[in-house]
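One-letter residues, chain by chain:
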2 protein chains.
Amino acid sequence: MSQAVEFPVNSLVFLTNRVGRLLANEIRKRTALDELGLSAQHMGILVDLWVKEGVRQQDLAVSNIKDKGTIARALQSLEAANIVVRIPDQEDKRNKLIYLTHRGRSLREELLPEAQQTVQEATEGIPEEDLAICKRVLSQIYQKFTCNHK
Amino acid sequence: MSQAVEFPVNSLVFLTNRVGRLLANEIRKRTALDELGLSAQHMGILVDLWVKEGVRQQDLAVSNIKDKGTIARALQSLEAANIVVRIPDQEDKRNKLIYLTHRGRSLREELLPEAQQTVQEATEGIPEEDLAICKRVLSQIYQKFTCNHK
DNA sequence: TTCAATTGGTTGCATTTGCAACGAGAACGC
DNA sequence: GCGTTCTCGTTGCAAATGCAACCAATTGAA
């Protein structure tokens, strides 16, 4: 019972959800995203592509936790902005494989430093050890779900 | 440099953002939210109200990390569904103070168990200690921002 | 081979969202 | 007092989102 009373604001859903949007907002405000004509949604896709290119739209949808239709439209605008290209897969003609352009790759160096700086300030005063544990826990949950779902 | 390379998927922004949406989605799928005519956005507001009633729409916007216009519209539909009431503040007529109805309070017992169950399964196998640290870290970040911002 | 079931991508639709402009009320200055 | 500035809530608008329906390509089974 006492656990139930404490639940909401101490729950992992509550905390991850709000801190996630908090940090994302902060980064959007402080980076040049707007001037580049990009939004936070685009950045989410870019992060995935910076890790691995040549993936299908469906893969991006799963890892981004967004609908495939949403991803399709976001990629349309990213392609129009010359940041990604969608190349039809010769082996399976249903697929389109997504690659970054030069511009897309260079955005990494333009955007990441400010993002890191934001996180840096947000986590100031928190022991490095605790942070590491926190990230490991979240990573475990994320991977459990994204692996199951594919 | 090696830190920069590792950044994206190991970053606190990335992890909180995705795990947050992941868990919220999972809960939405598994609770009776849809049948009640509610969405995840409504649940976010309800969580705040379960903790404290009689707050202004502006307060809800800050803690929910949403635009005040968004909150205004969400509260309109919640009021239409007889879940909250918006009472004009006599002391400062600009404000409307938000309270739960009986229905709104009873929703807590209907929705929380499934949410807890979802988190339970998502965190299965993760040491209780690590989870506690993770939550404490996130809570510190959340409170730092929401306090500063108001 | 041929037909059913599945999968990937696109599109229409209704809802949600942030931003900006607006109006009402309050606080502060003069 | 009176006007300026600020805050709170509302609304219009464009963008983002999930869902469902759709088409094309692949897979699997009869």
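So, here's what we can say about the structure. Nothing here was measured: the structure is a model prediction, and the numbers come from that model.

Thresholds, definitions, all that
Residues numbered from 1 in each chain as written. Chains lettered and ligands numbered in written order. Predicted model: local features only at pLDDT ≥ 70, side-chain atom pairs only at ≥ 80, totals over all residues. Heavy atoms only, no water. Helix = DSSP H or I, 4+ residues; strand = E, 2+ residues; numbered from the N terminus. Buried < 20%, exposed > 50% of the residue type's maximum accessible area, 1.4 Å probe, protein only. Polar contact = N/O pair within 3.5 Å; in protein donor to acceptor, adjacent residues only side chain to side chain. Contact = heavy atoms within 4.5 Å. Buried area = accessible area lost by both parts, 1.4 Å probe. Salt bridge = Lys/Arg side-chain N within 4 Å of Asp/Glu carboxyl O. Nonpolar A, V, L, I, M, F, W, Y, C, P; charged D, E, K, R; others polar. Near = heavy atom within 4 Å.

Another point: the side chain of T123 of chain A. Along the chain, T123 of chain A turns up in the loop between helix 6 (102-122) and helix 7 (128-148). Relative accessible area serves as the criterion here: at 9%, T123 of chain A is assigned to the buried category. Only 2.8 Å separates the side chain of T123 of chain A from the backbone oxygen of V119 of chain A, close enough to count as a polar contact. Beyond its immediate stretch of four places on either side in the chain, T123 of chain A contacts L131 of chain A together with L12, I141 and K144 of chain B.

In this section: the interface of chain A and chain B. Between chain A and chain B, the contact holds 58 residues from the first and 58 residues from the second. For the pair chain A and chain B, the summed buried area comes to about 5400 Å², and 71% of that belongs to carbon and sulfur atoms. For R18 of chain B, the salt bridge is made with D48 of chain A, and the minimal N-O distance between the two is 3.0 Å. Between the two partners, chain A and chain B, sit 22 residue pairs in polar contact (both at pLDDT 80 or more). Within the residue set of the side of chain A that touches chain B, elements represented by two or more residues are helix 1 (2-10), helix 2 (12-30), helix 3 (40-51), helix 4 (57-64), helix 6 and helix 7 of chain A. It is helix 2 of chain A that provides the largest number of residues to the side of chain A that touches chain B, a total of 17 residues. The residue inventory of the side of chain A that touches chain B, partitioned by class, reads 30 nonpolar, 15 polar and 13 charged.

So, on to the protein's contact with DNA strand C. Around DNA strand C sit 23 residues, and of these R56, Q58, R73 and K96 of chain A together with Q41 of chain B come closest. When atoms of DNA strand C within 4 Å of the protein are sorted by moiety, sugar and phosphate together comprise 64%. Here a phosphate oxygen of DNA strand C sits 3.1 Å away from a polar atom, N or O, in the side chain of R86 of chain A. The contact in question runs from a phosphate oxygen of DNA strand C to an N or O atom on the side chain of S39 of chain B, over 3.3 Å. Taken together, the elements giving at least two residues each to the surface near DNA strand C come down to helix 4 and helix 5 (68-80) of chain A together with helix 5 (68-80) of chain B. In terms of residue count, helix 5 of chain A provides more of the surface near DNA strand C than any other element does, five residues in total. In terms of residue class, the surface near DNA strand C is made up of two nonpolar, eight polar and 13 charged.

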